[in-house]
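# Reading the structure
Chain by chain, the residues:
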Amino acid sequence: MSFFGINCIKKKHHEEERHLRANDRGFNLTFQYATNAIKTSKYNIITFLPLNLFEQFQRIANAYFLFLLILQLIPEISSLAWYTTVGPLVLVLSVTAAKDAIDDINRSKTDKQVNNRKVMVLVNGKLEGEKWMNVQVGDIIKLENNQFVTADLLLLSSSEPLSLVYIETAELDGETNLKVKQALSITGDMGDDISKLSSFNGEIQCEPPNNRLDKFTGTLVFKEQKYSLDNEKILLRGCTLRNTEWCYGLVIFAGPETKLMQNSGKTSFKRTNIDRLMNVLVLWIFGFLAFMCVILAIGNGIWEYQDGFYFQVFLPWPSSIPNASFSAFLTFWSYVIILNTVVPISLYVSVEIIRLGNSFYIDWDRKMYYPRCDMPAQARTTTLNEELGQIKYIFSDKTGTLTQNIMMFNKCSINGKSYGDVFDFTGNRLEITDYTDRVDFSFNPLADPKFVFHDHSLVEAVKLGDPEVETFFRLLSLCHTVMPEEKEEGLLLYQAQSPDEGALVTAARNFGFVFVSRTPETITVVEMGETKCYELQAILDFNNVRKRMSVIVRNADGKLTLYCKGADTIIYERLHPDCKKLMDVTTEHLNEFAGEGLRTLVLAYKDLDDSYFSSWKVRHHEAITSLENREEKLDELYEEIETNMKLLGATAIEDKLQDGVPQTIEQLSKADIRIWVLTGDKQETAENIGYSCSLLREEMNEVFIINSNSLQDVKKDLRDARRKMKPESAPDEEDEVIIENICGNQKCKVVPEETIDGDYGLLINGHSLAFALEPSLELEFLKTACMCKTVICCRVTPLQKAQVVHLVKKYKKAITLAIGDGANDVSMIKTAHIGVGISGQEGMQAVLSSDFSFAQFRYLQRLLLVHGRWSYIRMCKFLSYFFYKNFTFTLVHFWYAFFCGFSAQTVYDEWFITFYNLVYTSLPVLGMSLFDQDINDHWSMEYPQLYGPGQHDIYFNKRVFMKCLLHSIYSSLVLFFIPYGAMCDTVRDDGMDIADYQSFALLAQTCLLVTVSIQMGLDTAYWTAVNHFFIWGSLAVYFAITFTMYSNGIYLMLPAYFPFIGTARNTLNQPSAWFTIVLTTILCVLPVVAYRFIKTELQPTVGDKVKRKVDKMERVPPPRPSRARIRRSSSRRSGYAFSHVQGYGELITSGRYLRKRTGGRLATFSPRGKEANKQIVDATQTYRMFRENDNQNS
């Protein structure tokens, strides 16, 4: 492998089909498949310098200064020394290269860390430790519990019965629930027999590398038999092995060809919108520079032809200049050098310093520090700060980004009574806080100490033996597919395929109905201290169509009961007519629960007749063993038995949002930022979170749900949605909504914004999104989506996330931001203009690929509305002022050329030219650009409307640039002609002549510096001691340096370099000189003051209005508004989040899930007296999301 594993992506041909043989490296090497090394860094030692310089010279200004340096090496045209350009150029390139190198070294370190992980590989009949990067296609590797999957593997065998393995896919899809994979029986029989595994020579033919996480097709040929392979037999890189002692797998795809890496976008060189605009403006400036130089060259040619002859007696032409035309040609290039300050290289040095300083503000912001994880905010790149103030679209992951992925049993309704709220002695409902009194579960020795509930009446109902309440919790303890495990004696763990199920079973446990063990035939529950064993007759499993699950059990008395839970609309259709009154009351409770954003679930049960069930069970067995129409036959049987049920009540689970998420989304929406949620979760879950975090609201006119299975159906649904939102629109006429716009120097299609009446939402699933992203339909999808206030895409793959972001970038003139916390978000984070990583529970992959990172979603509000807006305003002010001061400085040269015979003589002292950008004006503009605030952070958060100008490029654009140019032309005219008129034919007080070149140069440059300093003061909105020191200090330094360099002593030491002897004291001691300075300054500044005053009074901007309001409010600060908890009612109920795939029911009843236990101990749990009970009470958890206790070992 070459340096940094650069050859890991080398391919010789396009792969149509993959063919490999197990344990045969020689055979597999002939296909030149990629190794398992990955490379996310951009450079290596050899390529760094040329690639980085190539990227930097894409900045037109850098290329221009290189060209200027070449010109200055030609003596005939150079008016300035070459080192005046090469020094700043090398400095800029070096600083930028160092920053890029540090960023890339960090990426390289991460690559090395991953590539150097160890794994056991079967080599020559022995298991040997090998680095990940040395693993090759066709190798057989051994994974152990809690290890990351090394590459994309075909599962061969495992330690579990029937070669099952349990994996966590959080790095791929953000889900923390365990998934089950199963090997082929032909390979599973090999177990961990090294000899059998070494002799395994199966050949695989499968699909080529691709990014489809949910699909795999291939075949295995072994012992002259062909076996079909699908996704259920594949372990993907990025997964983590859980609760499985060991497993063996055959490497199919390695390194960059794995599905995880195929879904990871390329590391791109990101530029801000202002950078792209700067490239265009620099081209304009070059054109303006060329125009001025042509005029001055023509003037030189005419002057030399008409008048220059008379000067040749004492100023002859050099022998290299034969005529006036050639003199004009050389003069053109001389003025290119003299007037080059219209694009000073110090501009780019200053830009980098400003960006670096604003990045430090993000790093140092204590209000974005998360003490619980000791995690500060971090600006991982320093080149994108101002773009944070221009965001129009935010693309967010859900799990771990908006939510904590922690389910809490919050409320319930049992037999028409609602539980979960807390009331005071007057009957008023209280808001539940961390200080609200909690229910004491000490009566239950098996309770989970972490479980929190506040309504004491529910506990009392349990203690009093209320039959409906007991049945309610009995249902929760029996109707599920949770698998119990006792890894340590006395510590009960629940392996929940869905976090909702874990929360419900844990709730039942705390209220005295503890699910402790199961077999394929029985379920054991400890009910209020009494152990009861139920015979499990059948599990009617969940799927996306049924939206419910049921279990049929027989108790110790022989009574048969069906327990069912599911979505309210589904369960209500199957209730007995006698439940009508109870259903109405429960519906009211469901409306309240849904209004608070809780995930609801309805519970029902039915007593069964033995004779009927016996006949049903026979038909069920026939259906489950049927080879044809098996699913349809089972659905018919399920529909038959799940009827006339009795309503028990409903549960309400809180998918706990991160702190401040609804408020953050509300504030960002007020800033006119569109938020799209791209999640791998199922539709019901995504919709529920949308309502919980206020993305979707009851007040919306309509929420469109796109859930079609064909291109035409999706197209029809999208167009129907558009017609409803804007009936007058013409969806069939695409040309009316596509316009041509200039993007940089290229033409591109832009979909314009459409104004509609009302608020709408769009929810589309991954299958429909795949059709919507087709080239023929992508514009239709984009137009419809952009008309909606909120867009939620569910069940999407990582690549689809990136495709959605790219679609908006491609056709919308808007800045995008993507935020996520897992490896499945890396692709969209890299694709967006700005990527933000949340250091959450799904690892650090998102953070490592991001531009900015922090610990909580709520910090995004401060990042954009405060740091982003300030950075944008500061950068815009900096650019406007910088162009003004340098255009003004340069254009004085232009007017002077008409009075010096177009001889390319400079109007200022050369030392002033050297120090103007380096010393005299550099610190004041940096002070403004680093410290300026139009309003403070509190009011920036309070008035998100202030964010709008950045989204529309109001503060700096081509129009603002032209205003700067016109302002500079006016100022330069005043700065040249007023001092010129004042000095012309003027004498000193003592009668001596003052009208000489040196005195004029001194007066002109002094007027210039005073004027631009006062202009700086006018542009500064937030004065600090630093600003005062920089502005007044710069003026003081100017006069100190001027009097020093123009002194007799300096002249006597170096007469050739300091010819302005005595000019300062001879000129600046004259009242007329100071009057000229004051007059010139007033004439330059007065129009600016007048224009700004009139504009603020007649056409105030949003910022002007807010400043006035803030000024009034700051005189008497208002009391801090309190956020009252609003109780909402909603007719919408959230769907219960079962598993995203078919449930575990069939697996449970088959008995295949049972693990081999060490020491012969079964996977059961029962109370063991007081000591055992104490151990259970002290346990810190009851069910887990399959990572909490394992991450430490990963």
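Use the structure listed above.
This report concerns the structure included in the present document.

This next bit is on the overall build of the chain. Helix and strand counts for the chain come out as 40 helices and 38 strands. Within the chain, the fraction of its 1194 residues that count as buried is 57%. Taking the intrachain contacts of the chain between residues at least 6 apart in sequence as the baseline, contacts between residues at least 24 apart amount to 75%. Put simply, the chain shows about 50900 Å² of open surface, and 57% of that area lies on carbon and sulfur atoms.

Inspection of every chain in the model, using the stated rule, returns 65 aromatic pairs. Between Phe441 and Phe451, the aromatic rings sit 5.6 Å apart at their centres with planes inclined by 65°, giving edge-to-face as the arrangement. In this pair, Phe441 sits in the loop between strand S19 (429-430) and helix H12 (456-463) while Phe451 sits in the loop between S19 and H12, placing the two residues 10 residues apart along the sequence. Take Phe441: its relative accessible area is 9%, and that puts it in the buried class. Three or more aromatic residues joined by ring pairs form one cluster here, namely Phe889, Tyr908, Trp911, Phe912, Phe915, Tyr916, Tyr920, Tyr1038, Phe1039 and Trp1074. In this structure, Arg18 packs its charged tip against the face of Tyr33, placed 3.8 Å from the ring centre. The positively charged end of Arg21 is found above the aromatic ring belonging to Phe27, 4.0 Å away from the centroid.

Turning next to the environment of Ser999. Relative to the elements of secondary structure, Ser999 occurs in helix H33 (residues 997-1019). The spacing of Ser999 and Leu1068 is 69 residues in sequence and 9.0 Å in space, taken between C-alpha atoms. A polar side-chain atom of Ser999 sits 3.2 Å from a polar atom in the side chain of Thr1067.

Below, the discussion takes up the sheet that holds strand S25 (residues 548-554). Taking strand neighbours across the sheet as the criterion, the 9 strands line up as S17-S16-S28-S27-S26-S25-S24-S23-S22 in an open arrangement whose pairing is antiparallel. Strands at the two margins of the open sheet, each flanked by one partner only, are strand S17 (417-419) and strand S22 (513-518). Going from strand to strand, the sheet's axes swing by 30° on average, the running direction of each strand aside. Those strands touched by helix H18 (residues 630-641) are strand S24 (530-540), S25, strand S26 (560-566) and strand S27 (599-608), and its axis lies near 130° from that of S24.

Tracing the backbone through its elements, the reader meets Asn115 in helix H4 (residues 83-115). Apart from residues lying up to four places away in sequence, Asn115 is in contact with Asn36, Ala37, Ile38, Lys131, Trp132 and Met133.

Of all the 12 residues making up strand S28 (residues 646-657), 9 are buried; the element is thus mostly covered by neighbouring parts of the structure. When strand S16 (residues 403-414) meets S28, the two strands line up antiparallel, connected through 8 bridges. Each bridged residue has a counterpart across the sheet, and for Ile414 the counterpart in S28 is Gly649. The pairing of S27 with S28 spans 7 bridges and is classified as antiparallel. Directly across from Tyr605, in S28, lies its bridge partner Lys646.

Moving on, we come to the packing of helix H27 (residues 859-897) against helix H28 (residues 910-920). Packing of H27 against H28 leaves a shortest axis separation of 12 Å and a crossing angle of 170°. Taken as axis vectors, H27 and H28 run roughly antiparallel relative to one another. Residues Phe882, Lys885, Asn886, Phe889 and His893 of H27 pack against Phe912, Ile913, Tyr916 and Asn917 of H28. Tallied by class, residues from the contact of H27 with H28 come to 5 nonpolar, 3 polar and 1 charged.

Moving on: the sheet that holds strand S33 (residues 760-765). Spatially, the 9 strands line up as an open sheet ordered S14-S37-S36-S35-S15-S29-S34-S33-S30, and their pairing is mixed. Looking at the sheet topology across the chains shown, the edges are occupied by strand S14 (378-379) and strand S30 (702-706). Where helix H21 (residues 711-725) meets the sheet, its contacts fall on S30 and S33, and the angle it forms with S30 comes to roughly 170°. In the packing of H27 onto the sheet, contacts are made with strand S15 (391-396), strand S35 (815-820), strand S36 (834-838) and strand S37 (852-854), and the angle to S37 comes to roughly 140°.

With 14 residues, helix H38 (residues 1102-1115) extends 20 Å between its outermost C-alpha atoms, agreeing within 8% with the 20 Å of an ideal straight helix rising 1.5 Å per residue. In the core, the buried residues of H38 are packed alongside helix H30 (937-942) and helix H37 (1071-1098).

So, about the pairing of strand S5 (residues 152-158). Among the 7 residues of S5, 7 are classified as buried, and the element is accordingly described as predominantly covered. Sheet analysis places S5 next to strand S13 (residues 246-253), joined by 6 bridges and oriented antiparallel. Bridging from a neighbouring strand, Leu155 pairs with Gly249 of S13. When S5 meets strand S11 (residues 234-235), the two strands line up antiparallel, connected through 2 bridges. Within S11, the position partnered with Leu153 by the bridge is Leu235.

Orientation of helix H29 (residues 922-931) relative to helix H34 (residues 1025-1045), taken along the N-to-C sense of each, is 165°, at an axis distance of 8 Å. Overall, the two elements H29 and H34 adopt an arrangement that is roughly antiparallel. Seen from above, H29 lies across H34 with left-handed handedness. Along the contact surface, H29 presents Leu923, Pro924, Gly927, Met928 and Phe931, while H34 presents Val1026, Asn1027, Phe1030, Ile1031 and Ser1034. By residue class, the composition of the contact of H29 with H34 is 7 nonpolar, 3 polar and no charged.

Along the chain, Thr561 turns up in strand S26. According to the relative accessible area criterion, Thr561 is buried, its value standing at 5%. For Thr561, the side chain forms a polar contact with the side chain of Asp607, separated by 3.4 Å. Excluding its chain neighbours within four sequence positions, the residues that come into contact with Thr561 are Val551, Ile552, Val553, Tyr605, Lys606 and Asp607.

Here we take up the nonpolar core. In this structure, Tyr335, Leu347, Phe878, Leu879, Phe883 and Tyr908 are the most contacted members of the largest nonpolar core, which totals 99 residues. Counting residues per element, this core draws most heavily on H27, at 18 residues. Each residue touching Leu347, except ones within four places of it in the same chain, is listed here: Met278, Phe878, Leu879, Phe882 and Phe883. Counting residues in hydrophobic clusters, the runner-up holds 52 residues, among them Phe453, Leu458, Ala508 and Phe542.

Below, the discussion takes up H33. Over its 23 residues, H33 extends 33 Å from the first C-alpha to the last, a length consistent with the 33 Å expected when each residue adds 1.5 Å. When you tally the buried positions in H33, you get 19 out of 23 residues, the bulk of the element.

Let us now look at the pattern of salt bridges. Note on pairing: side chains with opposite charge can pair once their charged atoms come close. Taken as a whole and assessed by the stated rule, the structure comprises 50 salt bridges. Across the pair Arg18 and Glu257 runs a salt bridge, and its minimum N-O distance is 2.7 Å. Note that Arg18 is positioned in strand S1 (residues 18-21) and Glu257 in the loop between S13 and helix H8 (259-262), a separation of 239 residues in sequence. The closest approach of N and O atoms between Glu780 and Arg722, which form a salt bridge, is 3.0 Å. Of the two residues, Glu780 is situated in helix H23 (residues 778-786) and Arg722 in helix H21; the sequence distance between them amounts to 58 residues. Look at the salt bridges and you will find they share partners, linking Arg548, Glu573, Arg574, Glu639 and Glu642 into a network.

Here we take up a nonpolar patch on the surface. Together, Phe898, Phe899, Leu973, Phe977 and Tyr980 give the surface a local cluster of nonpolar side chains, amounting to about 430 Å² of exposed area. According to the relative accessible area criterion, Tyr980 is partly exposed, its value standing at 32%.

What follows deals with unusual backbone geometry. Even without a glycine there, the phi angle at Gln32 is positive, about 55°. Unusually for a residue other than glycine, Asp672 sits at a positive phi of about 60°. Structurally, Asp672 is set in the loop between helix H19 (661-670) and strand S29 (674-678). The class for Asp672 is partly exposed, based on a relative accessible area of 30%.

Conventions used here
- Residue positions are given per chain, counting from 1 as you read along its sequence in written order.
- Local features in a predicted model are, by the rule used here, given only for residues with pLDDT of at least 70; side-chain atom pairs are given and counted only at 80 or more, and totals for whole chains, interfaces and linings are based on all residues.
- For the side-chain quantities, the full set of heavy atoms in the structure was used; hydrogens and water were omitted.
- Where helices and strands are cited, they refer to DSSP runs of H or I of at least four residues and of E of at least two residues respectively, numbered from the N terminus.
- Burial classes: relative accessible area under 20% of the type maximum marks a residue as buried, over 50% as exposed, and values in between as partly exposed (1.4 Å probe, protein chains only).
- Throughout, a residue-residue contact means that at least one pair of heavy atoms, one from each residue, lies within 4.5 Å.
- Each accessible area value is a Shrake-Rupley result obtained with a 1.4 Å probe; residue values ignore everything except the protein chains displayed when judging cover.
- Note on ring pairs: Phe, Tyr and Trp rings are taken, using the six-membered ring of Trp, and paired if centres are within 6.5 Å. Classes follow the plane angle, with under 30 degrees stacked, over 60 edge-to-face and the rest tilted.
- Here, a charge over a ring is recorded when the distance from Lys NZ or Arg CZ to the ring centre is within 6 Å and its angle to the ring normal is within 35 degrees.
- Polar contact is the term for a pair of N or O atoms within 3.5 Å; when the atoms are in protein, one must be able to donate a hydrogen and the other to accept it, and sequence-neighboring residues count only if both atoms are side-chain atoms.
- Pairing between strands requires that DSSP locate at least two bridges from one strand to the other.
- Only the contacting stretch of a helix is used when fitting its axis, a line to C-alpha atoms as for every element, and angles between N-to-C directions run 0 to 180 degrees.
- Our angle categories are set so that under 35 degrees counts as roughly parallel, over 145 as roughly antiparallel, 65 to 115 as roughly perpendicular, and the remainder as oblique.
- Each residue is assigned to one of three groups, with Ala, Val, Leu, Ile, Met, Phe, Trp, Tyr, Cys and Pro labelled nonpolar, Asp, Glu, Lys and Arg labelled charged, and all others, Gly among them, labelled polar.
- A helix's residues, less one, multiplied by 1.5 Å, set its expected span.
- Left-handed describes a crossing whose near helix is turned anticlockwise from the far helix through less than a right angle; right-handed describes the clockwise counterpart.
- Within this scheme, the nonpolar core is defined by two criteria: the residues are buried Ala, Val, Leu, Ile, Met, Phe, Trp, Tyr or Cys, and they are joined through side-chain atoms within 4.5 Å.
- In what follows, salt bridge is the name for a side-chain nitrogen of Lys or Arg lying within 4 Å of a carboxyl oxygen of Asp or Glu.
- Distance thresholds for patches are 9 Å for like charges and 5 Å for nonpolar side chains (Val, Leu, Ile, Met, Phe, Trp, Tyr), applied to residues having over 30% relative accessible area and no salt bridge.

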